[in-house]
Amino acid sequence: MAERILIIEDEDSIVQFLERGLIYEGYRVNVAKDGETGLAVARDNPPDLVILDWMLPGLDGLEVCQRLRAAGDVPILMLTAKDQVSDRVRGLDAGADDYLVKPFSFEELLARMRALFRRAAPAVPDVLRFADLRLDTGTHRAYRGDRVIDLTAKEYELLELFMQNPRQVLTRDLIFERVWGYDFGGESNIIEVYVRYLRQKTEEQGEPRLIHTVRGVGYVLRED
Ligand code: CA
């Protein structure tokens, strides 16, 4: 589902410029032309990001920013004609995540928005675990207990495949297709060779075997 953007801005020309551009980029857009309305819209249709003008009739942008921040952690991008350092600091103190000084280009707005979405994205669970094996899919490092296991790229891919499918028998064909693609002939004993490497490395300290052979079929990652 496309991200929902709430624009709180009283200047029609800027609202139109933003609304058209953001819809064209595939975002869902809500518009409020004053702070009170903006807060109400944010309550009724929680946005994924707020573009908030500083100078608004009634509640000003700083006040709206503080109230939005008190209610949650939605990313807030403030628009301002003021570009003095003290004003920026006040905005950041009020809980704004970033700033754009008018006039700004639409490309710059999009870039700032993307950066805020990246920051707001929940961290993807990036460690696979099975028994005392751990695989950090961010750094591509593997551990057995506290011990680091040095893996080549293919060994890593093979172990990752096992750890994504614990206790499931993986056929040779499936392993072949997922780890090697069709780079090798079907008669190759490459899988046997790499399973042997993985066993040597994961059982180096005499740890119990985790990668078991299922005769005539393939392999399975399981505890004894
Ligand atoms: Ca304004």
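Parameters and conventions
- Residues numbered from 1 in each chain as written.
- Predicted model: local features only at pLDDT ≥ 70, side-chain atom pairs only at ≥ 80, totals over all residues.
- Heavy atoms only, no water.
- Core = buried A, V, L, I, M, F, W, Y, C linked by side-chain atoms within 4.5 Å.
- Buried < 20%, exposed > 50% of the residue type's maximum accessible area, 1.4 Å probe, protein only.
- Helix = DSSP H or I, 4+ residues; strand = E, 2+ residues; numbered from the N terminus.
- Domains from an automatic or database assignment.
- Donors = N, O, S within 2.8 Å, 3.2 Å for Na, K, Ca; no water.
- Pairing = 2+ DSSP bridges.
- Axes fitted to C-alpha atoms, helices over the stretch in contact; angles between N-to-C directions.
- Contact = heavy atoms within 4.5 Å.
- Parallel < 35°, antiparallel > 145°, perpendicular 65-115°, else oblique.
- Left-handed = near helix turned anticlockwise from the far one by under 90°.
- Phe/Tyr/Trp six-rings, centres within 6.5 Å; stacked < 30°, edge-to-face > 60°.
- Lys NZ or Arg CZ within 6 Å of the ring centre and 35° of its normal.

1. A short note on the nonpolar core
Link 1 in the chain: Core analysis: the biggest nonpolar cluster contains 26 residues, and Leu158 and Ile175 have the highest contact counts within it.
Link 2 in the chain: Going through the elements one at a time, β7 (133-136), α6 (153-164), α7 (172-180), α8 (190-202) and β12 (218-221) are the ones with two or more residues in this core.
Link 3 in the chain: By size, the runner-up hydrophobic cluster in this structure holds 21 residues, among which are Val41, Leu52, Val64 and Ile76.

2. Observations concerning the domain arrangement of the protein chain
Link 1 in the chain: Partitioning the protein chain into structural domains gives domain 1 (4-120) and domain 2 (127-221).
Link 2 in the chain: Between the C-alpha centres of domain 1 and domain 2 the distance comes to 48 Å.

3. Here we look at the coordination of the calcium ion
Link 1 in the chain: The calcium ion binds to the protein through Asp10 (OD), Asp53 (OD) and Met55 (O); the donor distances cover 2.1 to 2.3 Å.
Link 2 in the chain: Donor residues for the calcium ion sit on one chain with the sequence pattern D-x42-D-x1-M. Here Asp10, found in the loop between β1 (4-8) and α1 (12-24), pairs with Met55, found in the loop between β3 (49-53) and α3 (61-71); they are 45 residues apart in sequence, far enough to count as distant.
Link 3 in the chain: Residue class for Asp10 comes out partly exposed when judged on its relative accessible area of 31%.
Link 4 in the chain: Take Met55: its relative accessible area is 52%, and that puts it in the exposed class.

4. Topic: the sheet that holds strand β5 (residues 98-101)
Link 1 in the chain: Spatial ordering of the open sheet is given by β2-β1-β3-β4-β5, a layout of 5 strands whose pairing is parallel. A strand with exactly one partner marks an edge of an open sheet, and here the two such strands are β2 (28-32) and β5. Averaged over all adjacent pairs, the angle separating strand axes in this sheet is 20°, with direction ignored.
Link 2 in the chain: Pairing of β1 with β2, which is carried by 5 bridges, proceeds in the parallel orientation. Along β2, the bridge assignment pairs Arg4 with Arg28.
Link 3 in the chain: Where helix α2 (residues 35-44) meets the sheet, its contacts fall on β1 and β2, and the angle it forms with β1 comes to roughly 165°.
Link 4 in the chain: Contacts from helix α5 (residues 106-120) reach β1, β3, β4 (76-80) and β5 within the one sheet, and its direction differs from that of β5 by about 175°.

5. Observations regarding the packing of α2 against α3
Link 1 in the chain: At a closest axis distance of 10 Å, the pairing of α2 and α3 adopts a crossing angle of 20°. Taken together, the axes of α2 and α3 are roughly parallel relative to one another. Pair α2 / α3 crosses with right-handed handedness. Contacts from Gly35, Leu39 and Ala42 of α2 reach α3 at Val64, Arg67 and Leu68.

6. Side note on the packing of aromatic side chains
Link 1 in the chain: Taken as a whole and judged by the stated rule, the model has 6 aromatic pairs.
Link 2 in the chain: When the ring of Phe17 is compared with that of Phe106, the centres are 5.7 Å apart and the planes differ by 75°; the resulting orientation is edge-to-face. With Phe17 in helix α1 and Phe106 in helix α5, this pair connects stretches of sequence that are 89 residues apart.
Link 3 in the chain: Taken together, the aromatic side chains of Phe176, Trp180, Tyr194 and Tyr197 make up a single cluster linked through ring pairs.
Link 4 in the chain: In this arrangement the basic side chain of Arg134 is found over the ring face of Tyr143, its NZ or CZ atom lying 4.4 Å from the centre.

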